[in-house]
Amino acid sequence: MFIMPFLTGEIGVYLLVAIAVHILIYMFVTRKRAKNIVGKHIVITGGSKGIGLCLAVECAMKGANVTVIARDEKMLSGAVALMEVIRQSPEQKFQYRCLDLSSKYEQVAETFANIEESFGDIYMLINCAGLAICGTFEEVSVEDARKLMNVNYWGTYNCTRYVLPKMKKAGEGIIVITASQAALFGIYGYGPYAASKYALRAMAETIAMESRHFGVSVTLALPADTNTPGFENEEKTKPKETKIISGSGGLADPEHVAKQILDDALKSNFISILGFESWLLTLLGGGLFRWGGFFQNVFHILLLGPLRVIGCFLHLHFERIIKNCAKERND
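As annotated in an unreviewed UniProt entry, the chain carries the name 3-dehydrosphinganine reductase and is attributed to Glossina brevipalpis. Recorded in UniProt for the chain, the comment headed Catalytic activity (unreviewed entry) runs: "sphinganine + NADP(+) = 3-oxosphinganine + NADPH + H(+)". Database annotation for the chain, UniProt heading Function (unreviewed entry): "Catalyzes the reduction of 3'-oxosphinganine (3-ketodihydrosphingosine/KDS) to sphinganine (dihydrosphingosine/DHS), the second step of de novo sphingolipid biosynthesis."

Right, dumping it as structure tokens:
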């Protein structure tokens, strides 16, 4: 009689261990393997600085042929020179093109056709060009609001519009669309900027649904504040409220962000995020996102309800910051 509880407990432990081992084996067998990009042609917009430049370096280190696109020729030539230093084989090729991506689609298409004549069909497009201009909705000028949409949305649209039908026809390809955590919910001072990033989120979700069965994968990158030249310019226009709200998340390293984006893209993950806070906000703000992995989805199902409470407290926290700043200004 005294042996039975011991045996029952021992059997229970064995069962738990066996279940855990089977789960680990299942996760190992079904884990995604990264695609090989050795010798593949990758085009990176905004590839002269910040996250785009770091992505160009990462792709070069993985043996890809890389084309970087931006508007500053001096910085573009520097990016190519940097890739030359880290080239992995004599066969690798690097080039750049100066282009305003928000130009008419025909102009962008002509440049991309020229790029493909030099390096071959584009296997992977990484849309990384963008800018941020902050301010309360009525403070951001109409011209700046249009500029945000032209660069962030139309620049990405033009490039993606060119490569997508070609990738579908080829039966393979990867498209990365870089939005922002601001594409998850509206924040004080981010009005027109967030609107342009929300548009990219919708674009990515739509293209992913339309293209998956053609063999084309789409990755939506949602980086938080990252230590780049673009972030330095963004800080100049941020209201105090925005700085307090966004500053609580810290500042990510562009190299780490780039590695995460490339890893997720090569594993065909739809979402690319870095860090716990970004994961939490993305889970709360993207309930209909297509997350990969059976266990990950089960985990989210269990967490999403309780985490809604955190969302309520976040909004209360933001509202308190805004009210306190208004009092300081005697608004």
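Asker: Explain the nonpolar core residue by residue, including any values.
Answerer: Within the largest apolar cluster, 55 residues are counted, with the highest numbers of intra-cluster contacts made by Phe112, Leu220 and Leu222. Counting only elements with at least two residues in this core, the list comes to helix H4 (105–119), helix H5 (142–170), strand E5 (173–178), helix H6 (191–211), strand E6 (216–221), helix H10 (276–285) and helix H11 (294–328). Each of domain 1 (34–289) and domain 2 (291–330) accounts for three or more of the residues forming this core. Setting aside residues no more than four positions away along its own chain, Leu222 makes contact with Ala179, Ser180, Gln181, Ala183, Leu184, Ile271, Ser272, Ile273, Thr282 and Phe289. Judged by nonpolar contacts, the second largest core, of 32 residues, contains Ile42, Cys59, Ala70 and Leu76.

Asker: Outline the packing of aromatic side chains, supporting the account with residue identities and numerical values.
Answerer: In total, this model carries seven aromatic pairs according to the counting rule given. On the basis of an interplanar angle of 40° and a centroid distance of 5.5 Å, the ring pair of Tyr190 and Tyr193 is categorised as tilted. The burial state of Tyr190 is the same as that of Tyr193; both residues are buried. Taken together through their ring pairs, the aromatic side chains of Tyr153, Trp154 and Tyr157 make up a single cluster. Directly above the ring of Tyr123 sits Lys40, whose terminal nitrogen or CZ lies 4.6 Å from the centroid.

Asker: Lay out the domain arrangement of the chain with the relevant residues and their values.
Answerer: One can read the domain layout of the chain as domain 1 (34–289) and domain 2 (291–330). On the surface where domain 1 and domain 2 come into contact, there are two salt bridges. In this structure, the connection of domain 1 to domain 2 is made through two residue pairs in polar contact (both at pLDDT 80 or more). Sorting the residues of the side of domain 1 that touches domain 2 by element identifies helix H8 (240–247) and H10 as the ones contributing at least two each. Among the elements that line the side of domain 1 that touches domain 2, the one with the most residues is H10, at six residues. Classifying every residue of the side of domain 1 that touches domain 2 gives 12 nonpolar, two polar and two charged.

Asker: Quick rundown of the confidence of the model for the chain? Include the residues and the values.
Answerer: Averaged over the chain, the pLDDT score is 89; the fraction of residues at 70 or greater is 90%. This model gives residues 1–7 a pLDDT under 50, and the stretch forms zero contacts once residues within four places in sequence are excluded. Contacts from residues 25–30, a stretch scored under 50 in pLDDT, to residues over four places away or in other chains number two contacts.

Asker: Lay out the sheet that holds E6 in plain terms, naming residues and giving numbers.
Answerer: Read across the open sheet, the seven strands follow the order E3-E2-E1-E4-E5-E6-E7; overall the sheet is parallel. At either margin of the open sheet sits one strand with a lone partner, and together these are strand E3 (94–98) and strand E7 (271–272). One ladder, built from five bridges, connects strand E2 (residues 65–70) with E3; its direction is parallel. Considered in E3, the bridge of Val66 is made with Phe94. Helix-sheet contacts for H4 involve strand E1 (41–45), E2, E3 and strand E4 (124–127), and the interaxial angle to E3 is about 165°.

Rules used in this analysis
- Numbering of residues starts from 1 in each chain and follows the order in which that chain's sequence is written.
- Totals for whole chains, interfaces and linings use every residue, but because this is a predicted model, local features are given only for residues with pLDDT of at least 70 and side-chain atom pairs only at 80 or more, for both listing and counting.
- Just so you know, side-chain values use all the structure's heavy atoms and leave hydrogens and water out.
- UniProt positions are given in the numbering used here, feature names are shortened, and annotations may be inferred rather than shown by experiment.
- Here, the term nonpolar core denotes a set of buried Ala, Val, Leu, Ile, Met, Phe, Trp, Tyr and Cys residues that are joined through side-chain atoms within 4.5 Å.
- Here's how the labels work: a residue is buried when its accessible area is under 20% of the maximum for its type, exposed when over 50%, partly exposed in between, all with a 1.4 Å probe on protein chains only.
- Helix and strand labels come from DSSP, where a helix needs a run of H or I of at least four residues and a strand needs a run of E of at least two; each type is numbered from the N terminus.
- Either an automatic procedure or a domain database provided the assignment from which the domain bounds are taken.
- Contact definition: two residues touch when any of their heavy atoms are within 4.5 Å.
- Pairing of aromatic side chains requires ring centres within 6.5 Å, counting the rings of Phe and Tyr and the six-membered ring of Trp. Pairs whose planes differ by under 30 degrees are stacked, by over 60 edge-to-face, and all others tilted.
- Whether a charge sits over a ring comes down to the Lys NZ or Arg CZ being within 6 Å of the ring centre and within 35 degrees of the ring normal.
- Salt bridges are defined as contacts in which a side-chain nitrogen from Lys or Arg sits within 4 Å of a carboxyl oxygen from Asp or Glu.
- Polar contacts here mean pairs of N or O atoms no more than 3.5 Å apart (in protein, one a potential hydrogen donor and the other a potential acceptor; neighbouring residues in sequence count only if both atoms are side-chain atoms).
- Residue polarity is assigned by list, with Asp, Glu, Lys and Arg as charged and Ala, Val, Leu, Ile, Met, Phe, Trp, Tyr, Cys and Pro as nonpolar; anything else, Gly included, falls into the polar class.
- Per-residue confidence from the prediction method is given by pLDDT, with values spanning 0 to 100.
- Each pair of strands is called paired provided DSSP finds at least two bridges between the two strands.
- Interaxial angles span 0 to 180 degrees and are taken between N-to-C directions of axes, which are lines fitted to C-alpha atoms, for helices over the stretch in contact.

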